[in-house]
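The chain contents come next:
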Amino acid sequence: MTDSQQFEAFMKAYQNMVFTTAVRLLGTEAEAEDVSQEVFLKAYERYAELKDSPTVGGWLKTVTRNLCLNHLTRYRARWRFFSEMRSEDDEEGTGPEWAAPDTHEKQVAAGEHRQLLEAVLQKLPPAQRVPLVLYHFEDMSYEEIATRLRASLSKVKTDIHRGRETLRRKLKLKMSGQEEWGGLHGAENPCPI
Amino acid sequence: MNERGERQLEQLVHRELRSLPELAAPETLVHRVMLAVHVKERQPWWQLPWVTWPRSAQLGSFALFAATVAGLVYFGASAWQAAGIGNPLVKVWEWVGSLSPLWDSLQSLVNTAGLVAKKAGPQYLFVGLGVAGSMYLLCVATGTACYRLALNRR
């Protein structure tokens, strides 16, 4: 197997992980594909030392995260301005178009629910989605997120809380103490938005 | 929402999000990257960044650059003289000399400040410096506030 073929196999093994991380942080597949390409080109430059490294997954994830955050920082003024100008009412209208309620019966499968959750996550305003993803997927603390995003701790907490509330509201997730449980762990269907 | 409710919401969302599987990368990604890799591999060495050039090429290019600069200076000065404008160094010195009134003014200002400090006591000088410093800081603070407001940074 040539180096080129080896690298192709290496890419195929990690491309989903890199792409998923990028999509969740950036919110668009086109930008995520661009960043993923950049990540693998960086990996290619260091392939000799990476190919046998046991921490290559972590390295790829960190590089992806940093490139995504750099990408967002480049457009920071723009996306923060628009996201913070948006009111709670506006957020009600930002969700994806779901099927009509009468077809909901067919969407109860877990796969469908995951697709909906993924779609709602991607539709969150960047100011909410980015810290939410860093907290829940990248296991960063509030303080680390605040430092990385150069935002105040209270703003990070508020944005994450708003993001969670939006997810709960749009997917009709129920917390314990309430009548029903939703999502994959309950019986509630996602609601039409 | 109280703290308990907040914790429940956090756990609920965490569980939901962590249950999400990885997304499938587009089919085109591998091809895009491999194409970019091949293009990079086929690039001749002289189109790559200078730091990646072979050592001999780096030394040679550096020597060529130094010779070019030296040649430009030498032949440029000769051409200058041949054109009858005179020695360029003399011209530069004349230009520096034309700045002497500025130097005199600066010297007068320092002497005046020294005289004031001697006659009125150094406290006036310190107060003056303090006022100037405060005004400078006020300008910096106003500029920072405007910048942050414009870019919506916190």
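Predicted model only: the values in this text are computed from it and were never measured. (Residues numbered from 1 in each chain as written. Chains lettered and ligands numbered in written order. Predicted model: local features only at pLDDT ≥ 70, side-chain atom pairs only at ≥ 80, totals over all residues.)

## Quick notes on the packing of helix α8 (residues 126-136) of chain A against helix α10 (residues 153-171) of chain A
Residue and element names in this part refer to chain A.
Next up, step 1: Orientation of α8 relative to α10, taken along the N-to-C sense of each, is 95 degrees, at an axis distance of 8 Å. In terms of orientation, α8 lies roughly perpendicular with respect to α10. Listed contacts from α10 to Ala127, Gln128, Arg129, Pro131, Leu132 and Tyr135 of α8 are Val156, Asp159, Ile160, Arg162, Gly163, Arg164 and Thr166. (Axes fitted to C-alpha atoms, helices over the stretch in contact; angles between N-to-C directions. Helix = DSSP H or I, 4+ residues; strand = E, 2+ residues; numbered from the N terminus. Parallel < 35°, antiparallel > 145°, perpendicular 65-115°, else oblique. Contact = placed C-beta atoms within 7 Å.)

## Some points on the confidence of the model for chain B
All names here are of chain B.
Next up, step 1: Per-residue pLDDT for chain B averages 87, and the proportion of residues at 70 or more is 97%.
Next up, step 2: In the model of chain B, helix α4 (residues 88-97) stands out as the element of lowest mean pLDDT, 81, in contrast to helix α3 (residues 55-82), which has the highest, 91.
Next up, step 3: Scoring of the predicted complex yields 0.62 for pTM and 0.71 for ipTM. (pLDDT = per-residue confidence, 0-100.)

## A few points about the environment of Trp50 of chain B
All names here are of chain B.
Next up, step 1: Looking at the element boundaries, Trp50 is found in the loop between α2 (28-42) and α3.
Next up, step 2: What makes Trp50 exposed here is the crowd of 10 C-beta atoms within 10 Å.
Next up, step 3: Taking the C-alpha atoms as reference points, Trp50 and Ser61, separated by eleven residues in sequence, lie 9.4 Å from one another. (Buried ≥ 20, exposed ≤ 12 C-beta atoms within 10 Å, placed from the backbone.)

## Regarding the interface of chain B and chain A
Next up, step 1: Taken together, the contact pairs 29 residues of chain B with 36 residues of chain A.
Next up, step 2: Among the secondary structure elements, those contributing two or more residues to the side of chain B that touches chain A are α1 (3-18) and α2 of chain B.
Next up, step 3: Its residues placed into classes, the side of chain B that touches chain A shows 17 nonpolar, five polar and seven charged. (Nonpolar A, V, L, I, M, F, W, Y, C, P; charged D, E, K, R; others polar.)

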